[in-house]
Amino acid sequence: MNKIHDSLRNSVWISVNDSVWNSVWNSVRISVWNSVGSSVWNSVENSVRDSVWNSVEDLVKEMNDE
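Calculation rules
- Residues numbered from 1 in each chain as written.
- Predicted model: local features only at pLDDT ≥ 70, side-chain atom pairs only at ≥ 80, totals over all residues.
- Heavy atoms only, no water.
- Helix = DSSP H or I, 4+ residues; strand = E, 2+ residues; numbered from the N terminus.
- Buried < 20%, exposed > 50% of the residue type's maximum accessible area, 1.4 Å probe, protein only.
- Areas by Shrake-Rupley, 256 points an atom, 1.4 Å probe, with all protein chains shown as cover.
- Salt bridge = Lys/Arg side-chain N within 4 Å of Asp/Glu carboxyl O.
- Phe/Tyr/Trp six-rings, centres within 6.5 Å; stacked < 30°, edge-to-face > 60°.
- Patch = residues over 30% accessible without salt bridge, like charges linked within 9 Å, V, L, I, M, F, W, Y side chains within 5 Å.
- Lys, Arg positive; Asp, Glu negative; His and termini not counted.
- Charge placed at Lys NZ, Arg CZ, Asp CG, Glu CD.

*Asks:* Explain the overall build of the protein chain to me, and be specific about the residues and the numbers.
*Replies:* Of regular secondary structure, the protein chain possesses 1 helix and 0 strands. Dimensions along the principal axes, computed over C-alpha positions, put the protein chain at roughly 95 × 10 × 5 Å. Here the protein chain holds 66 residues, and the buried ones make up 2% of them. Carbon and sulfur atoms make up 64% of the accessible area of the protein chain, which totals about 6,100 Å².

*Asks:* Account for the pattern of salt bridges, naming residues and giving values.
*Replies:* Applying the stated criterion to the full structure yields 1 salt bridge. Across the pair Arg9 and Asp6 runs a salt bridge, and its minimum N-O distance is 3.5 Å. You can see Arg9 and its partner Asp6 sitting in helix α1 (residues 2–65), 3 residues apart, about one turn around the helix.

*Asks:* Please give an account of the packing of aromatic side chains that cites residues and values.
*Replies:* Applying the stated criterion across every chain, the model contains 1 aromatic pair. Measuring from centroid to centroid gives 6.3 Å for Trp21 and Trp25, while their planes differ by 15 degrees, and the two rings are stacked. Here the residue Trp21 and the residue Trp25 both occupy positions in helix α1, the gap between them amounting to 4 residues, near one helical turn.

*Asks:* How would you sum up a negative patch on the surface? Please name residues and give values.
*Replies:* A contiguous patch of negative charge, built from Glu57, Asp58, Glu62, Asp65 and Glu66, is present on the exposed surface. Under the relative-accessibility criterion, Asp58 is labelled partly exposed at 42%.

What follows is the structure in structure tokens.
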């Protein structure tokens, strides 16, 4: 009887542990992804916008020179 009780307690403890760990891990992962992802996205967006803007400016300069 004691063995059954122990294994039941262990399985409950493991499942509770897993669910707590999963929810903690998910929230950590989401917050890290949000902060890292947004900063990476912003830098990519800025560099793309800058390069496009620079090439447009160059094109306008060339057209003005002609």
